[in-house]
Amino acid sequence: MSMSRGRKIALFVAGSLLVLLVVGVIVIALLVNAVRGSKPTIASNSVLVLRIEGDLPDFVPNDPLAEAFGGKSDSLTSLLWQIRKAKVDKRISGLLLDVRMTGLGWGRSEELRDAVIDFRASGKPAYAYMEYGANKEYFVASACEKVYVAPPGDLYINGLAAEVMFFRGSLDKLGVYPDFYQIGQYKNAPDQYTRKNMSDAHKEVLNSMLDDLFNHFVTAIATARKKSPEEIKAIIDNAPISSKQAKEAGLIDDAMYEDQVRNELKKRLGYKDTDTLKLTSGSAYREVDPGELGLNDGEKIAIVYASGVIGGGSSNNSPYGEQTVGSETMIKAINDAAADKDIKAIVIRVDSPGGSSYASDVIWHAIENAKAKKPVVISMGDVAASGGYYIACNANKVIAEPSTITGSIGVFAGKPVLKGFYDWIGVSNEYVMRGKNAGLFRETEKFTDDERKKFEEMVNSTYYDEFIPKVAVGRNRDKEYIHSIAQGRVWMGDQAKDKGLVDDFGGLEKAIDEAKILAKLPLDKDVHRVIFPAPRTFLQQFFNRGGDDAAASARLQQQRAVFAALPEDTRRTLRYAAMMDQMKNGEVMAMMPFDLRIK
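### Regarding the overall build of the protein chain
Counting its secondary structure elements, the protein chain contains 23 helices and 25 strands. Counting all 599 residues of the protein chain, 51% fall into the buried class.

### What to know about the packing of aromatic side chains
Summed over the entire model, instances satisfying the criterion amount to 14 aromatic pairs. Seen in terms of ring centroids, Tyr-127 and Tyr-148 are 5.9 Å apart; in terms of plane orientation they differ by 45°. Their pairing is tilted. Of this pair, Tyr-127 sits in strand E3 (residues 126-130) while Tyr-148 sits in strand E5 (residues 146-149), and the two are 21 residues apart along the sequence. Residue Tyr-127 is classed as buried on the basis of its relative accessible area, which comes to 3%. Relative to Tyr-193, the ring of Phe-180 lies with its centre 5.2 Å away and its plane at 75°, an arrangement referred to as edge-to-face. Linking Phe-180 in strand E8 (residues 177-182) with Tyr-193 in helix H7 (residues 191-194), this pair joins segments that are 13 residues apart in sequence. Each of the two residues, Phe-180 as well as Tyr-193, counts as buried. Put simply, the rings of Trp-106, Phe-139 and Phe-217 pair up and form one aromatic cluster. Sitting above the plane of the Tyr-431 ring, Arg-442 keeps its charged end 5.9 Å from the centroid.

### Observations regarding the nonpolar core
Membership of the largest hydrophobic core comes to 60 residues, with the highest contact counts inside it found for Leu-97, Tyr-138, Leu-155 and Leu-251. The dominant element in this core, judged by the number of residues it contributes, is helix H8 (residues 200-225), at ten residues. In terms of nonpolar packing, the next biggest core, distinct from the first, is built from 56 residues, Ala-359, Met-380, Leu-501 and Val-588 among them.

### Quick word on the environment of Lys-203
Of note, Lys-203 is situated in helix H8. When the C-alpha positions of Lys-203 and Tyr-186 are compared, they lie 9.8 Å apart, and in sequence the two are 17 residues distant.

### What about the side chain of Asp-351?
On the secondary structure map, Asp-351 appears in strand E15 (residues 343-352). Not counting chain neighbours up to four residues away, the residues in contact with Asp-351 comprise Asp-58, Arg-108, Ala-306, Ser-307, Gly-308, Gly-381, Asp-382 and Val-383.

### Here we look at the packing of H8 against helix H9 (residues 229-237)
Between H8 and H9, the shortest axis-to-axis distance is 9 Å and the interhelical angle comes to 110°. Accordingly, the angle class assigned to the pair H8 and H9 is roughly perpendicular. Between H8, through Phe-214, Asn-215, Phe-217, Val-218, Ile-221 and Ala-222, and H9, the contact on the second element is made entirely by Pro-229, Ile-232, Lys-233 and Ile-236. Across the contact of H8 with H9, the residue classes tally to eight nonpolar, one polar and one charged.

### Notes on the sheet that holds strand E4 (residues 133-134)
Reading across the sheet, the three strands line up as E4-E6-E9 and stay open at both edges, with mixed pairing between neighbours. Each edge of the open sheet is held by one strand with a lone partner, namely E4 and strand E9 (241-242). Summarising the sheet, strand E6 (residues 154-156) and E9 pair through two bridges and their orientation is antiparallel. Residue Asp-154 lies in a different strand from E9, and its bridge partner there is Ser-242.

### Re the sheet that holds E5
Working definition: the strands of a sheet are paired by backbone hydrogen bonds and lie parallel or antiparallel to each other. Taking strand neighbours across the sheet as the criterion, the six strands line up as E10-E5-E3-E2-E1-E11 in an open arrangement whose pairing is parallel. The open sheet has two free edges, formed respectively by strand E10 (254-255) and strand E11 (279-281), since each of these has just one partner strand. Bridging between strand E2 (residues 92-102) and E3 involves five bridges; their strand directions are parallel. In the strand pairing of E3, Leu-97 is matched with Ala-128. Lying on the sheet, helix H3 (residues 76-88) is in contact with strand E1 (46-54) and E2; it crosses E1 at an angle near 165°.

### Topic: the pattern of salt bridges
For the coordinates displayed, the defined rule picks out 37 salt bridges. When the shortest N-O distance is used, the salt bridge between Asp-172 and Lys-196 registers 3.8 Å. Remark: Lys-196 occurs in the loop between H7 and H8 and Asp-172 occurs in helix H6 (residues 168-174); sequence separation between them is 24 residues. Of the charged contacts in the structure, one is a salt bridge between Arg-529 and Glu-509, with a shortest N-O distance of 2.8 Å. Of this pair, Arg-529 sits in strand E23 (residues 528-532) while Glu-509 is found in helix H20 (residues 508-518), placing the two residues 20 residues apart along the sequence. For Arg-529, a relative accessible area of 11% translates into the label buried. Here Glu-509 falls in the partly exposed class, since its relative accessible area comes to 29%. Each of Asp-58, Arg-108, Glu-111, Arg-349, Asp-351 and Asp-382 takes part in salt bridges that share partners, so that together they form one network.

### Observations regarding the pairing of E2
With nine of eleven residues buried, E2 lies mostly within the body of the structure. Relative to E2, E1 is paired through eight bridges, and the arrangement is parallel. Bridged to Leu-48 within E2 is Leu-95. Where the polypeptide runs from E2 across helix H4 (residues 106-120) and back to E3, its parallel neighbour, the crossover connection is right-handed.

### Section: a nonpolar patch on the surface
A contiguous nonpolar patch, built from Leu-174, Trp-424, Ile-425 and Val-427 and spanning about 390 Å² of accessible area, is present on the exposed surface. You can see Ile-425 is positioned in helix H16 (residues 419-425). For Ile-425, a relative accessible area of 46% gives the class partly exposed.

### A look at unusual backbone geometry
The amide bond that connects Ala-239 to the next residue, Pro-240, takes the cis arrangement and shows omega of 0°. Note that Pro-240 resides in the loop between H9 and E9. A cis amide bond links Phe-532 with the next residue in sequence, Pro-533, at an omega value of -10°. For Pro-533, the location among the structural elements is in the loop between E23 and helix H21 (538-542). Backbone geometry places Gln-487, a non-glycine residue, at a positive phi of 55°. Relative to the assigned elements, Gln-487 resides in the loop between helix H18 (479-485) and strand E21 (490-492).

Conventions we followed
- Residues numbered from 1 in each chain as written.
- Predicted model: local features only at pLDDT ≥ 70, side-chain atom pairs only at ≥ 80, totals over all residues.
- Heavy atoms only, no water.
- Helix = DSSP H or I, 4+ residues; strand = E, 2+ residues; numbered from the N terminus.
- Buried < 20%, exposed > 50% of the residue type's maximum accessible area, 1.4 Å probe, protein only.
- Phe/Tyr/Trp six-rings, centres within 6.5 Å; stacked < 30°, edge-to-face > 60°.
- Lys NZ or Arg CZ within 6 Å of the ring centre and 35° of its normal.
- Core = buried A, V, L, I, M, F, W, Y, C linked by side-chain atoms within 4.5 Å.
- Contact = heavy atoms within 4.5 Å.
- Axes fitted to C-alpha atoms, helices over the stretch in contact; angles between N-to-C directions.
- Parallel < 35°, antiparallel > 145°, perpendicular 65-115°, else oblique.
- Nonpolar A, V, L, I, M, F, W, Y, C, P; charged D, E, K, R; others polar.
- Pairing = 2+ DSSP bridges.
- Salt bridge = Lys/Arg side-chain N within 4 Å of Asp/Glu carboxyl O.
- Right-handed = clockwise from strand over helix to strand, strands pointing away.
- Patch = residues over 30% accessible without salt bridge, like charges linked within 9 Å, V, L, I, M, F, W, Y side chains within 5 Å.
- Areas by Shrake-Rupley, 256 points an atom, 1.4 Å probe, with all protein chains shown as cover.

If you want it as structure tokens, here you go:
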């Protein structure tokens, strides 16, 4: 059958538009690369201005073209690099932090804070400006020599609150029964499905963690502002406070607008009143090659990022949507780094609450193989718990911040029983089976006594025969001791160090130093950090270079973009709904015992 004239015209127009789109992207890419190729001019006696704002994932590629199309432009790694460069760059005389609301957790906030303190060791001043701020924002700002808040601004440093969300009430209304089994007194992850409130064990862990983190927070602020912990606690009990009250209490140096803060920096740096303060933006300073300053040069060390929930398949490391840890991506990255003779050591940056125990185990195995070839060091971010700790426990060294959430050595599994829901919507099920346990994962039936016995046997094996022994060997402890501090219990980083689950405190740079020691590289010389897998640029993703199905890849990116646009609580609910769907086929989960948010 011949094609109609109208259809031919439509196809021609569509093809022409596609060609124009591709040409347009290429032209934009060339223009962006041309701009990027021109090195920024950094004036002498300049101040580096860094905005601390937004999600700040651990790592996203520095890709101006992606930024032009709405991609995230900043990451914690990028901020830390700017601060490291500014410390040794003679053209940069000071640092100004414009602190906004961030998505950083406590561990990574502390890492950023430590970087500012390290910058100040150069003798250069660091000032912080806030329009307003909460606990973590002020925690970061307090590392600076001077802290300023806008005159109408407030400080919401009114203590720490831990929030946990429970879904049992919703499941009851939907007619869904959570038939779960967990190992460990403190492995309370299923509680979000099976309970409407906290158990005693749940409260015990949360209180322990909050006590530890609160004391750490108070001590850090007291030291920075030259006050006693008792004075800081009294101020917290009287918060929120206005900028005027914050000045009177000694938490900030003055209530000023940003232009006034810049004038203070001018005085500090010896400018004349008539001079204009020379400012360098973070986006411009990102284009300064660290090699020009004697950084990121020398022997090579691999950096592998493991950010997000752990599962099978590919990781999502793009700047779109929430990041995830895919076992296939991780294994290939670790294997490639281990096989590369130019790579002297591997540092794996873990910021994960866990996920699939199966995916965690195969990543653990890849690390075990890599250790036979070269040192492997773990750097923990905000959280490295359950499956996140599973993939960390066998490294040569484990580094965490005192406020990193870690541990949660435990597992759980189960299935959602949907009979009540199906009855409600008028769906009926019948099964024809062969085999004693063929109905183990029937969606409409609870486990029978025999099925539960077999199911619990499987989950027990994952915990007692896999997880506990591997942690015991990795941490050079006996299994009985590991079990005594495990059982799903979550620890703060300093608690975990006391228990032998962590070796030392610090961030990514500390982990790199440990890797240098293990690889017998000189500590006084920098190393070249090589990211595995190599970050894909916007153009590579646009043209889907890498062999994945283009349509599937596009759909996945669309789904992630839509998911990222949803309200935070909605995203959390959908994540746990997806986890229930994942477990209905018997997958054993190694996840934190609660979706913990400490504000």
